[in-house]
There are 2 protein chains.
Amino acid sequence: MDQHFTMTDDILKKNKLSVTDGRKKILSLFLARDGALAHADIEKFTGEMFDRVTVYRTLQTFVEKGIVHLIPTTDNSILYALCKENCEEGHHHDNHVHFICDVCTKTICLDDVTIPKVKLPKGFTPNHSEMMVNGVCSDCK
Amino acid sequence: MDQHFTMTDDILKKNKLSVTDGRKKILSLFLARDGALAHADIEKFTGEMFDRVTVYRTLQTFVEKGIVHLIPTTDNSILYALCKENCEEGHHHDNHVHFICDVCTKTICLDDVTIPKVKLPKGFTPNHSEMMVNGVCSDCK
DNA sequence: ACTAAATTTGCAATAATGTTGCAACTTTTA
DNA sequence: TAAAAGTTGCAACATTATTGCAAATTTAGT
């Protein structure tokens, strides 16, 4: 399949999920891509390989297990990203900045860039933050 | 209609848009609400008053004119918000933090909270940032 | 105030996207 | 290797979004 075949199995097993072709393929797409993927992207790559429903359910399962996390968008799509550093542990995906490249349109997890704290107005209590920066990524500069 | 009736007309005229019942009503919803609205919210409030298509097109027009701006979400919906401070000028809607209340689920523009700059890895050039914080808002605390 | 031009709306059709139940199949467990 | 557990695909359905076009409304000019 590709060079990630053992890695995908490991991640699935670690999360107590059955190792199936669909999950391996979708996981390998994330590993190969290093940016975020939307449901539509995955359908494009997998073609007629799996049913649409399977893709939906696979992504949902991955989110529940913390294998991928969601990235907010303004265009009515859901973006899913697997973060290199964190996916080993399966948690704490949610403290880094996401970068969206205006040129290649990839969404990249900047695992090393922590979201800064902001001072909120009186009466507001923070719980969790998301931050997205767009611009030009290191590949497109 | 409500106390904002002149304000809605002013905003529409300032943006060279025909003053119609649909636009006035939708704009007045934003003015009355002070939080963000999704397409579905607007349909709920307006009921059978206007066609769904009109709501879609009105929101699209408002975004193009800069009357409202988009807020990213992870739940496959588009949120639209009119920011109190900026809507007079019709631009620069995009430099403040958005707060999503976990209790009342409202999304609120914190017009006074500026998005902090972050240091990006080598090779990345920033252009624009978005930041969302959720937690408990001042009404729900 | 009245009319022509420009703009906006609603309808109908269509497309795209997401969800559910269930039977068949595959993977895991022991 | 067989039973149990988990996963998949199909079909049907639900929701959400888009397009073209004719009718209606709003605006601008007189």
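Before reading further, recall that the structure is shown in the block above.
Since the structure is predicted, the reported quantities are computational estimates derived from the model, not experimental observations. (Residues numbered from 1 in each chain as written. Chains lettered and ligands numbered in written order. Predicted model: local features only at pLDDT ≥ 70, side-chain atom pairs only at ≥ 80, totals over all residues.)

Read across the sheet, six strands follow the order β5(A)-β4(A)-β6(A)-β6(B)-β4(B)-β5(B) without closing on themselves; strand pairing throughout is mixed. The open sheet has two edge strands with one neighbour each: β5 (107–114) of chain A together with β5 (107–114) of chain B. Going across the sheet, the axis of each strand differs from the next one's by a mean of 30°, ignoring polarity. Pairing analysis gives four bridges linking strand β4 (residues 96–101) of chain B to strand β6 (residues 125–136) of chain B, with the strands arranged parallel. Bridge pairing in β6 of chain B links Cys101 of chain B to Gly135 of chain B. (Pairing = 2+ DSSP bridges. Helix = DSSP H or I, 4+ residues; strand = E, 2+ residues; numbered from the N terminus. Axes fitted to C-alpha atoms, helices over the stretch in contact; angles between N-to-C directions.)

Right, let's talk about the protein's contact with DNA strand C for a bit. The immediate surroundings of DNA strand C are formed by 22 residues, with Val19 of chain A together with Ser18, Thr20, Gly22 and Thr54 of chain B found nearest. Residue assignment for the surface near DNA strand C shows that the elements contributing at least two residues are α3 (39–46) and α4 (52–65) of chain A together with α2 (21–33) and α4 (52–65) of chain B. Per-element accounting of the surface near DNA strand C gives the leading share, four residues, to α4 of chain B. Residues belonging to the surface near DNA strand C are distributed by class as follows: eight nonpolar, nine polar and five charged. (Near = placed C-beta within 6 Å. Nonpolar A, V, L, I, M, F, W, Y, C, P; charged D, E, K, R; others polar.)

Between chain A and chain B, the residue contacts involve 35 residues of the former and 35 residues of the latter. Broken down by secondary-structure element, the contributors of at least two residues to the side of chain A that touches chain B are β2 (69–71), β4 (96–101), β5 and β6 (125–136) of chain A. Broken down by element, the side of chain A that touches chain B gets its largest block of residues, twelve residues, from β6 of chain A. Among the residues forming the side of chain A that touches chain B, the class breakdown is 19 nonpolar, eleven polar and five charged. In this sheet, β6 of chain B lies alongside β6 of chain A in antiparallel orientation, the contact comprising eleven bridges. Across the sheet, residue Gly135 of chain A finds its bridge partner in β6 of chain B, namely Pro126 of chain B. (Contact = placed C-beta atoms within 7 Å.)

In the region of DNA strand D, 22 residues are neighbours, and Ser18, Thr20, Gly22 and Thr54 of chain A together with Val19 of chain B sit closest. If you list the elements that add at least two residues to the surface near DNA strand D, you get α2 (21–33) and α4 of chain A together with α3 (39–46) and α4 of chain B. If you tally residues by element for the surface near DNA strand D, the top one is α4 of chain A, at four residues. A per-class count over the surface near DNA strand D returns eight nonpolar, nine polar and five charged.

With that settled, consider unusual backbone geometry. All names here are of chain A. Look at Lys16: it is not a glycine, yet its phi comes out positive at around 55°. Assignment of secondary structure puts Lys16 in the loop between α1 (5–14) and α2. Exposure remark for Lys16: the 7 C-beta atoms within 10 Å place this residue in the exposed category. Of note in this structure, Thr105 is not a glycine but carries a positive phi near 65°. (Buried ≥ 20, exposed ≤ 12 C-beta atoms within 10 Å, placed from the backbone.)

Time to look at the packing of α3 of chain A against α4 of chain A. Residues and elements named next belong to chain A. Between α3 and α4, whose axes approach to 10 Å, the crossing angle comes to 130°. One finds that α3 runs oblique with respect to α4. Seen along the crossing, α3 lies across α4 with a hand that is right-handed. Between α3, through His39, Ile42, Glu43 and Thr46, and α4, the contact on the second element is made entirely by Arg52, Val55, Tyr56 and Leu59. Classifying every residue of the contact of α3 with α4 gives four nonpolar, two polar and two charged. (Parallel < 35°, antiparallel > 145°, perpendicular 65-115°, else oblique. Left-handed = near helix turned anticlockwise from the far one by under 90°.)

For the pair chain A and chain B, the superposition axis carries a translation of 0.0 Å, the fit reaches an RMSD of 0.2 Å, and the rotation angle comes to 179°. The operation mapping one copy onto its partner corresponds to a two-fold rotation axis. Same-surface contact between copies: 100% of interface residues of chain A are shared with the interface of chain B. (Least-squares fit on C-alpha atoms with pLDDT ≥ 70 in both.)

This part covers the sheet that holds β2 of chain A. Strand pairing in a sheet relies on backbone hydrogen bonds, with the paired strands running either antiparallel or parallel. Residue and element names in this part refer to chain A. In spatial order, the strands read β1-β3-β2; together these three strands make up an open sheet with antiparallel pairing. Each having just a single partner strand, β1 (37–38) and β2 make up the two edges of the open sheet. Note that β1 and strand β3 (residues 79–81) share two bridges and pair antiparallel. Residue pairing across strands places Leu37 opposite Tyr80, the latter belonging to β3.

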